[in-house]
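Per-entry structural report
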Amino acid sequence: MRRRPAAAGSSTAGRAFSSTAGRRPLVGGMDRPDTWARHTGFTHCSTQRPRSGAERTTYGDRMTTYSLPELNRPPAAESHTVYTVASGDLRPAANVTCWPTQEKLESDLAAAVTDLGWKLRRGHAVDEAKRHGFIDSQRAGIEVFKTLPKDAPLIVVEAVWQYSHHVLAGLRSHEGPILVVANWSGEFPGLVGLLNLAGSLTKAGRDYSVLWSADFTDEWARDGLRTWLETGTLTHDTGHVRPLPPLPEDPETELGVALARQLREEKAIIGVFDEGCMGMYNAIIDDEFLNPLGLYKERLSQSALVAEMKKVSDEEAQAVRAWLDDAGMTFHTGKDEATELTDAQLLSQFKMYIAALRIADDFGLDAVGIQYQQGLKDTVPASDLAEGLLNNVQRPPVLSRDGARELYAGAPLPHFNEVDEGVAVDSLVTNRIWTAMGLDPATTLHDIRWGEEYDGRFVWVFEISGSVPASHNGGYDKSYSMRQPPMFFPLGGGTLSGVSRPGEIVWSRVFLMDGRLHVDLGRATSVELPEEETRRRLEATNHQWPIMHAVLHGITRDQFMARHRANHLNVAYAPDAATADKALRAKAALFAELGVEVHLCGDVSL
């Protein structure tokens, strides 16, 4: 059922509506009996649907011989009852490992709902054979939603990373209010899962609300839950967001406009090694939105990447390892392929790095993205180490197949992790602006994983699941590689990890809303925390992954969660605050010139 999108420029995150839309009329208004007769010549249509082949519908003096499908009839909603569903991972090991944490969140939520005078009914049973209660595929989600009352209030409960496409089909056609909740915890990426589903629902034009809490005993969460149960809507404060005002006539504005016109005129190609990583519907941007910006997709197959890896010699891969060893990077290796990072896994990753650059050179790519999950997880070790290397200016040199040329010499090849095409647009734009300004163009996405107060200010944990450019850590000598967690990465592979150095950053996110492209822009500071606090935060999340301690300028925790339209955001460094402000201004000018709707978030000095 297609829903009319909200008015342009409206904000949909943090809102939900009881949207029982009317049925769609037949073409030409043929839902009316007299119109039907006029168009078909039939004067009568029986209202009885056949229950068997022997019981046929008659049209005047004609009888159908077709066996018609019986449409599903969902049950009626029970009074004062809220229904829940839980979307999970596609990887069984992750679902089993994370299930106890999900159970606790569901128990906490049920207690809160009951205390508020409502009944809670789980929309699907726990599968004892699988040892979890997650919806673990798109088909499973479709079947679950067939059994749910279409107009009932529905809560999607997430303590884990989840694949949004598992439930998107059901949520699109659900007619009751929708609330997405997560536990405020870093243990598993539940908040990341909430934000991805929120971004996907925003792209789909489906109204929803969001809410988060450590255990749903706090007054703020209880008040929010009560409001949603009583009204079907929950609005959070998003007063930190404002439209882009007229920009000053200065060199940064001029640069942004000039680079936008160059991109639109000369065009650029982003290479996509298979779209749709881990069900992230929001991360797919159709060509119709990209082409007017001057961006075009080269659709590539991950099988071609693996084939090219097989052509890379062991000697070439060993040369990459030797370069990184000389640069001071640490590799935490062992012998057990199942649980430790091994030299063989690293050799495969270096071959992927070389292969990606050669294919990029073949197609003249300006940026590249590798899906990896799920397509390659059972084929080769993780792509993350290669991705981190690609995004850095200083990196091991790679020659063309004939040895005659160094590929993309002295520059990053922007890589958009998890083929997130919002990141693709952002990374390419950032690369061009930062390069033109003489800044380090290394950029990366991060998961918005979690955060807590520290020393009187809220410090976010930005933590992407595998790699950042080494310059973000302060260099290769401050970077290290650890084996990826087995429950997500059965074949292992190393990360490119470290603690992001302190400094001024510009953050951003490109996303689809109301049928058009938008971008949120803001400023933040990457801060240094004591070693013991950094270690505590790593152990509270995934200690193998790179971490940034980020303080957003002029944005509270709840404002950011209410507004953000994705599980990812992009970051890039500037040498000081004044330069960061200039770079943000150039970026805003570029996006505005391309026709992308620009929103400034928090304290931004133009």
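One can find the structure itself at the top, above this paragraph.
Calculation rules
Residues numbered from 1 in each chain as written. Predicted model: local features only at pLDDT ≥ 70, side-chain atom pairs only at ≥ 80, totals over all residues. Heavy atoms only, no water. Pairing = 2+ DSSP bridges. Helix = DSSP H or I, 4+ residues; strand = E, 2+ residues; numbered from the N terminus. Axes fitted to C-alpha atoms, helices over the stretch in contact; angles between N-to-C directions. Contact = heavy atoms within 4.5 Å. Polar contact = N/O pair within 3.5 Å; in protein donor to acceptor, adjacent residues only side chain to side chain. Phe/Tyr/Trp six-rings, centres within 6.5 Å; stacked < 30°, edge-to-face > 60°. Buried < 20%, exposed > 50% of the residue type's maximum accessible area, 1.4 Å probe, protein only. Parallel < 35°, antiparallel > 145°, perpendicular 65-115°, else oblique. Left-handed = near helix turned anticlockwise from the far one by under 90°. Nonpolar A, V, L, I, M, F, W, Y, C, P; charged D, E, K, R; others polar.

Right, let's talk about the sheet that holds strand β6 (residues 178-183) for a bit. Spatially, 5 strands are ordered β4-β3-β5-β6-β7 in an open sheet, and the strand pairing comes out parallel. The open sheet has two edge strands, β4 (119-122) and β7 (209-213), and neither has a second partner. Neighbour to neighbour, the strand axes of the sheet diverge by 30 degrees on average, direction disregarded. Here 5 bridges tie strand β5 (residues 154-158) to β6, and the two strands are oriented parallel to one another. The residue bridging V157 from the neighbouring strand is V181, located in β6. Along the sheet, helix α6 (residues 219-231) contacts β3 (81-85), β5, β6 and β7; its crossing angle with β7, the most-contacted strand, is approximately 155 degrees.

What follows is about the environment of D402. As for its placement among the helices and strands, D402 is situated in the loop between α12 (384-390) and α13 (421-436). C-alpha of D402 to C-alpha of K146: the two residues are 256 residues apart in sequence and 58 Å apart in space. Reaching out from D402, the side chain makes a polar contact with the side chain of S400 at a distance of 2.6 Å. Reaching out from D402, the side chain makes a polar contact with the backbone nitrogen of A404 at a distance of 2.9 Å.

Turning next to the packing of aromatic side chains. Scanning all chains against the criterion turns up 13 aromatic pairs. Ring geometry for W184 against F458: centres 6.3 Å apart, planes inclined by 55 degrees, an arrangement best described as tilted. Note that W184 is positioned in the loop between β6 and α5 (190-204) and F458 in strand β14 (residues 457-462), a separation of 274 residues in sequence. No difference in accessibility class separates W184 from F458, as the two residues are buried. Ring pairing ties together the aromatic residues W184, F458, W460, F462, W507 and F560, which thus form one cluster.

Our focus in this paragraph is the packing of helix α7 (residues 251-266) against helix α17 (residues 577-594). Two elements in contact, α7 and α17, have axes whose closest approach is 7 Å; the angle formed by their N-to-C orientations is 40 degrees. In terms of axis orientation, α7 runs oblique to α17. The two elements α7 and α17 meet at a crossing, and its hand is right-handed. On α17, the residues that touch E252, T253, G256, V257, L259, A260, R261, L263 and R264 of α7 are K582, R585, A586, A589, L590, E593 and L594. A class-by-class count of the residues in the contact of α7 with α17 yields 8 nonpolar, 2 polar and 6 charged.

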